[in-house]
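Architecture at a glance
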Amino acid sequence: MKLINDFLNILNESSSDILIKTSKKAYTKKDVLTDIKKVVTYLKEKNIKKGSRCLILINKSYEMYIAIIGSILYGVQVVVIDNFKDKVKLKEMITGVDITYVLTNNKTLLITPFIKPLSKISKINIQKVIKRKSIDDNIFDNITLNQEDTCLITFTSGGTGKPKSVARTFNELQKQLDLTLSLVSIKKNTYVLATLPIYTLACIIKGVKIYIPKKKEKLDSVLKQENITMCFASISTFLSLNDSFEKVEEVLFGGSILYYKEALKIKHAFPNATIKYIYGATEASIISITNIDSYIPHLEKNNLCLGYVLDTNIVTSIDSELVVKKGLITNNYLNIDHESFHRTGDLGDVIDNQIYIKGRIVSSDIVSDYILELIVKKEFDDIFNIAILKIKNEYHIYIEEKDIEKRIKIALILDNHIKNGIIHVVKKLPLDYRHNQKIDYKKLLKDEGVKYV
């Protein structure tokens with residue numbers, strides 16, 4: 001299989017080159033290959049059934065990616081949940097996928113007794129596996145994997161409902177990783193900071209040197225000390241930066257709506273970089289792409305233009321909803337009938353092959369209004385969260401208690417655009433569990449006691 005053969009060849013070439021770096025250690029290609037072989041050897045010794053599903057219950061780390069890649073190469077379906085903070089959604093995700101065993105590290109092994117759906121599932125501590133001396137150096141000589149086998153299962157963010165499990169075959173994974181990296185310029189000296197699993201995985205599999213930060217590691221310090229040249233991360237990650245990084249050459253992000261002040265802050269953080277903003281169905285399922293220098297002028301005109309549709313895609317607007325009729329879109333959801341097209345759930349238009357997004361369908365009678373949110377947020381110097389929903393043809397504006405002094409100004413701004421909007425002051429606006437940037441509308445409505453269909 002091309003994806004696997006290319007990866008193994010990359011690890012064997014220039015094996016002394018550093019491929020992965022963390023705050024504690026630098027790992028060469030040889031180290032990575034050795035540790036992956038240990039994982040595959042262990043799974044084989046334990047007679048783990050091929051095609052079974054394993055949950056990666058490991059924080060973002062070197063061990064996490066060794067566990068993912070080793071399990072995939074052995075032939076099991078790897079289930080990745082990249083955020084365990086929301087316990088309700090965590091339970092929904094785990095119970096919706098038939099998991100056979102769980103890969104942990106020393107730290108996460110301690111929390112498994114407190115996650116009820118995992119209490120009776122077998123656990124494997126990946127840190128102990130990596131420390132073992134037992135290894136079959138010829139473990140990859142007889143790989144029997146099929147291009148159409150499912151190898152990776154991830155989840156949507158669930159901003160307007162329960163997170164859906166997304167299954168990828170080897171063939172789909174290869175195409176999406178290739179497409180992702182084709183959007184940037186990989187050079188010999190490229191050194192990437194990546195905080196999202198699918199992009200980190202793309203770099204490792206393609207042999208691109210990468211830094212994997214710890215959860216609470218200060219990224220300002222990492223970017224300065226490590227001479228990073230490229231960044232793959234979420235909008236919320238970039239908004240957490242305080243300094244400016246002139247050595248970064250390229251930046252790629254997506255996952256949520258980027259408003260005016262946020263866009264200016266990211267541009268300031270990377271003054272010399274080509275900054276690309278992608279719109280997609282889920283991670284690595286890219287629909288369109290723009291760059292921040294084109295995006296900001298549209299924001300100044302109160303438009304959210306998410307760039308040109310990729311040549312691989314055909315996108316249209318049906319009943320004001322953006323629909324992907326053709327493309328490399330992962331919408332093979334488990335337990336849901338697969339469709340040849342993808343309904344994004346986003347409201348917008350396609351004009352001259354460019355995506356103009358306007359809002360999000362929350363339910364049959366409730367939609368969010370991104371444009372009004374843009375108009376409001378642009379008039380303030382600080383960055384804050386706001387949710388504007390049209391509920392049965394009536395506008396409802398939700399702001400946090402700490403922003404209560406903004407209420408009069410927000411009302412005056414909106415008075416020029418809508419009639420009789422109702423402002424609600426909430427303790428805290430709930431954000432999606434993954435990106436920590438998008439409003440979790442259904443949780444907000446539930447908290448506010450709003451019924452919807």
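Residues numbered from 1 in each chain as written. Predicted model: local features only at pLDDT ≥ 70, side-chain atom pairs only at ≥ 80, totals over all residues. Heavy atoms only, no water.

What follows covers the overall build of the protein. When you go through the protein residue by residue, the secondary structure sums to 15 helices and 23 strands. A compact globule built from 453 residues should have a C-alpha radius of gyration of about 22 Å, and the protein, at 22 Å, falls within 12% of that. Counting only C-alpha atoms and orienting by the principal axes, one finds that the protein spans roughly 70 × 45 × 40 Å. Residue burial in the protein is summarised as follows: out of 453 residues, 56% are buried. The contacts in the protein between residues at least 6 apart in sequence include a share of 61% that link residues at least 24 apart. Charged side chains of the protein number 67 positive and 53 negative; the gap between the two group centres comes to 6 Å. (Helix = DSSP H or I, 4+ residues; strand = E, 2+ residues; numbered from the N terminus. Rg over C-alpha atoms; globule rule 2.2 N^0.38 Å. Buried < 20%, exposed > 50% of the residue type's maximum accessible area, 1.4 Å probe, protein only. Contact = heavy atoms within 4.5 Å. Lys, Arg positive; Asp, Glu negative; His and termini not counted. Charge placed at Lys NZ, Arg CZ, Asp CG, Glu CD.)

Turning our attention to the pattern of salt bridges. Counted by the stated rule, this structure contains 16 salt bridges. Among the salt bridges present, the one from Lys2 reaches Asp6, with a minimum N-O distance of 2.7 Å. One end of the pair, Lys2, and the other, Asp6, are both in helix α1 (residues 2–12), four residues apart, so they sit about a helical turn from each other. Overall, the relative accessible area of 29% leaves Asp6 in the partly exposed class. Across the pair Arg360 and Asp346 runs a salt bridge, and its minimum N-O distance is 2.9 Å. Of the two residues, Arg360 sits in strand β19 (residues 354–363) while Asp346 sits in strand β18 (residues 342–351), which places them 14 residues apart along the sequence. Note on Asp346: relative accessible area 8%, which makes it buried. (Salt bridge = Lys/Arg side-chain N within 4 Å of Asp/Glu carboxyl O.)

Next up on the list: the sheet that holds strand β3 (residues 53–57). Taking strand neighbours across the sheet as the criterion, the six strands line up as β6-β5-β3-β4-β7-β8 in an open arrangement whose pairing is mixed. Looking along the sheet, the strands with just one partner apiece sit at the ends: β6 (122–125) and β8 (165–169). Within the sheet, the average angular offset between the axes of one strand and its neighbour, ignoring direction, is 25 degrees. Bridge count for strand β4 (residues 77–80) against strand β7 (residues 150–155) is two bridges, and the pairing is parallel. Pairing of Val79 across the sheet is with Ile153, part of β7. (Pairing = 2+ DSSP bridges. Axes fitted to C-alpha atoms, helices over the stretch in contact; angles between N-to-C directions.)

Attention shifts here to helix α12 (residues 292–300). Working note: α-helix, 3.6 residues per turn, so residues spaced by three or four point in the same direction. Among all positions in α12, only Ile292, Tyr295, Ile296 and Leu299 are buried. In an axial view of α12, the angular spread of the buried residues amounts to 100 degrees, which keeps them on one side of the axis. The secondary structure elements touched by the buried residues of α12 are α11 (260–269), β13 (274–280), β14 (286–291), β15 (305–309) and α13 (370–378). Sitting at the head of α12, Asn291 places a side-chain oxygen 3.1 Å from the backbone nitrogen of Asp293. (Arc of directions from axis to C-beta. Polar contact = N/O pair within 3.5 Å; in protein donor to acceptor, adjacent residues only side chain to side chain.)

Time to look at the state of the cysteines. The tally for this structure, following the rule as stated, stands at zero disulfides. Left without a disulfide partner, Cys231 is nearest to the cysteine sulfur of Cys203, which lies 11 Å away. (Disulfide = S-S within 2.5 Å.)

This next bit is on the packing of aromatic side chains. Per the stated rule, a full pass over the model turns up eight aromatic pairs. Aromatic ring contacts, followed pair by pair, group Phe238, Phe245, Phe253, Phe270, Tyr277 and Tyr295 into a single cluster. Stacked on the ring of Tyr74, the Lys or Arg Lys50 has its end atom at 4.8 Å from the ring centre. Above the ring of Tyr260, the side-chain terminus of Lys378 is found at 6.0 Å from the ring centroid. (Phe/Tyr/Trp six-rings, centres within 6.5 Å; stacked < 30°, edge-to-face > 60°. Lys NZ or Arg CZ within 6 Å of the ring centre and 35° of its normal.)

We now examine the pairing of β3. Where burial is concerned, most of β3 is hidden: five out of the five residues are buried. Of the two faces of β3, the one holding Arg53, Leu55 and Leu57 and the one holding Cys54 and Ile56 are both buried throughout. Judged from the four bridges that link them, β3 and β4 form a sheet pairing that is parallel. Bridging from a neighbouring strand, Leu55 pairs with Val79 of β4. Pairing geometry for β3 and strand β5 (residues 101–104), over four bridges, is parallel. For Ile56, the partnering residue across the bridge sits in β5 and is Leu103.

If you look at the biggest cluster of nonpolar residues, it comprises 71 residues, and the most contacted ones within it are Ile266 and Phe270. Here this core takes six residues from α13, the largest share from any one element. Those residues within four positions of Ile266 in sequence are excluded, and the remaining contacts are Ile235, Phe238, Leu239, Phe253, Leu258, Ile275 and Ile292. Counting 70 residues, the second-largest nonpolar core is a separate cluster that includes Ile20, Val40, Ile68 and Leu310. (Core = buried A, V, L, I, M, F, W, Y, C linked by side-chain atoms within 4.5 Å.)

Here we take up empty space enclosed by the protein. For the coordinates displayed, the defined rule picks out two cavities of 30 Å³ or more. Estimates place the volume of the largest cavity at around 90 Å³. Taken together, Leu3, Ile4, Phe7, Ile69, Ile72, Leu73, Phe170, Leu173, Leu201 and Ile205 make up the lining of the largest cavity. Secondary structure elements with two or more residues in the lining of the largest cavity: α1, α3 (62–74), α7 (170–182) and α8 (197–205). Counted by class, the lining of the largest cavity contains ten nonpolar, no polar and no charged residues. Counted as a void, the second largest cavity has a volume near 30 Å³. Lining of the second largest cavity is provided by Leu196, Tyr199, Phe232, Ala233, Leu252, Phe253, Gly254 and Ile278. (1 Å grid on protein atoms, 1.4 Å probe; cavity = no way out; pocket = protein on both sides within 12 Å on 5 of 7 lines; lining within 4 Å. Points joined across faces, edges and corners; volume = space filled by probe spheres on them. Nonpolar A, V, L, I, M, F, W, Y, C, P; charged D, E, K, R; others polar.)

The next thing to look at is a nonpolar patch on the surface. There is a patch of nonpolar side chains on the surface, built from Leu110, Ile111 and Phe114 and spanning about 370 Å² of accessible area. Of note, Phe114 is situated in the loop between α5 (106–109) and β6. For Phe114, a relative accessible area of 71% translates into the label exposed. (Patch = residues over 30% accessible without salt bridge, like charges linked within 9 Å, V, L, I, M, F, W, Y side chains within 5 Å. Areas by Shrake-Rupley, 256 points an atom, 1.4 Å probe, with all protein chains shown as cover.)

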